[in-house]
Amino acid sequence: MKSSVSVKNIAVIGMFAAMGFVAVLLGKVIPNVAGFLSYDPKDAVVAIAGFLMGPLYTVVISVLVSLVELVTISSTGIIGCLMNIFSTVSFAFPAAILYKKVKSYQGAILGLILGVSFMTASMLLWNYFITPFYMGVPRNVVSEMIVPVFLPFNAIKGGLNAALTLLLYKPLVTTLRRAKLVPESYSVGATVKVRVFLLAIALALLALFTFLFLYLIGVIA
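Predicted, not measured: the structure shown is a model, and the values here were computed from it.

**Here we look at the overall build of the protein chain**
Counting secondary structure elements, the protein chain contains eight helices and zero strands. In the protein chain, the succession of α and β elements from N to C terminus is α-α-α-α-α-α-α-α. Over its C-alpha atoms the protein chain spans a radius of gyration of 18 Å, differing by no more than 12% from the 17 Å that the globule rule assigns to 221 residues. Overall, the protein chain is about 55 × 40 × 30 Å in size when its C-alpha atoms are taken along their principal axes. Per-residue burial for the protein chain yields a buried fraction of 44% across its 221 residues. Relative to all contacts within the protein chain whose residues are 6 or more apart in sequence, the contacts with residues 24 or more apart total 75%. A total accessible area of about 11100 Å² is found for the protein chain, and carbon and sulfur atoms account for 74% of it. The centroid of the 15 positive side-chain charges in the protein chain is displaced by 15 Å from the centroid of its 5 negative side-chain charges.

**Let's talk about the environment of I30**
Considering the arrangement of structural elements, one finds I30 in the loop between α1 (2-27) and α2 (42-53). Sequence separation between I30 and I217 is 187 residues; the distance between their C-alpha atoms is 9.6 Å.

Thresholds applied
Residues numbered from 1 in each chain as written. Predicted model: local features only at pLDDT ≥ 70, side-chain atom pairs only at ≥ 80, totals over all residues. Heavy atoms only, no water. Helix = DSSP H or I, 4+ residues; strand = E, 2+ residues; numbered from the N terminus. Rg over C-alpha atoms; globule rule 2.2 N^0.38 Å. Buried < 20%, exposed > 50% of the residue type's maximum accessible area, 1.4 Å probe, protein only. Contact = heavy atoms within 4.5 Å. Areas by Shrake-Rupley, 256 points an atom, 1.4 Å probe, with all protein chains shown as cover. Lys, Arg positive; Asp, Glu negative; His and termini not counted. Charge placed at Lys NZ, Arg CZ, Asp CG, Glu CD.

In structure tokens form, the structure reads like this:
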């Protein structure tokens, strides 16, 4: 029995890692902010994995995806790899922890709010300490970018990925359950009205943060 569960876990990890890497590839077509800050939707994929399998899996999948990116398509080297891991884990890990404590749609929403907040705050610190080495500029140059660049970018990035998590969670859970890769207990039930309400919220958030992101990159003046 333990062997069977282990094989299933490996299969699910591999599936989520593959989806995460596809998300990274999709992000490559999106313009960067400030020349090097890139958005991709893999954080949503990793957060869903954390909801299904537990917080520690967010770390495993984040590292796997970032390492694959590093040895294949990355142009930012080991520093970019580390920043990707820090960013994804700081979003998905807190969200998965709270959801593990409160396994409901309310817990998922609160977890995502926590994830967005923690990721935004922590990435300001990481950018302050690490970006000067990456950009080869004095730290005061990076300090001047904290509020106008790093803060809105990470907040909008987190908002987009939170909305995507809410949109994709139910379809992925249903697909995995039908494939017998996750047990029934991983699915949180809700009435049709609640699901429609959550879908409406997710779509509204997605529209809002998409607009803000387009404004940030200068597509919308």
